[in-house]
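Summary of the model geometry
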Amino acid sequence: MLYWLPRLCLLLIAGVVLGFGLFPRTSEDVAYTLLIILVGLGLLSVTLHIFPPEKH
């Protein structure tokens, strides 16, 4: 479960940001925000793959 916890928290934060409209609601801004979130999740996955938490 700890492996998925950062991803779940990031998706929850993304939902709050988009749901409460903390960013402008243009489609370009929403797409840019989602792209940044996906890149962050990708980097987190790569980091956890290279440095597994069980070994450090």
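Calculation criteria
- Residues numbered from 1 in each chain as written.
- Predicted model: local features only at pLDDT ≥ 70, side-chain atom pairs only at ≥ 80, totals over all residues.
- Heavy atoms only, no water.
- Helix = DSSP H or I, 4+ residues; strand = E, 2+ residues; numbered from the N terminus.
- Buried < 20%, exposed > 50% of the residue type's maximum accessible area, 1.4 Å probe, protein only.
- Areas by Shrake-Rupley, 256 points an atom, 1.4 Å probe, with all protein chains shown as cover.
- Expected span 1.5 Å × (residues − 1).
- Arc of directions from axis to C-beta.
- Contact = heavy atoms within 4.5 Å.
- Patch = residues over 30% accessible without salt bridge, like charges linked within 9 Å, V, L, I, M, F, W, Y side chains within 5 Å.
- Salt bridge = Lys/Arg side-chain N within 4 Å of Asp/Glu carboxyl O.

Going by what an unreviewed UniProt entry lists, the protein is known as Transmembrane protein and is assigned to Rhizobium fredii.

**Quick word on the overall build of the protein**
Within the protein, the secondary structure is distributed over 2 helices and 0 strands. Counting over 56 residues, the protein shows a buried share of 14%. Within the structure as shown, the protein displays about 4700 Å² of accessible surface, and the carbon and sulfur contribution to it stands at 77%.

**Observations regarding the environment of V30**
For V30, the location among the structural elements is in helix α2 (residues 27-50). On the accessibility criterion, V30 (28% relative accessible area) is partly exposed. On a C-alpha basis, the gap between V30 and L18 in space is 7.4 Å, while along the polypeptide they are 12 residues apart.

**Section: helix α1 (residues 5-20)**
With 16 residues, α1 should cover 22 Å at 1.5 Å per step; its first-to-last C-alpha distance of 22 Å lies within 8% of that length. Every buried residue of α1 is listed here: R7, A14 and V17. Angular distribution of buried residues about the axis of α1 spans 90°; they occupy a single face of the element. Opposite the buried face of α1, at more than 90 degrees from it, the exposed residues are L12 and F20. Where the residues of α1 are buried, they touch α2.

**Some words on a nonpolar patch on the surface**
There is a patch of nonpolar side chains on the surface, built from L12, V16 and F20 and spanning about 340 Å² of accessible area. Structurally, F20 is set in helix α1.

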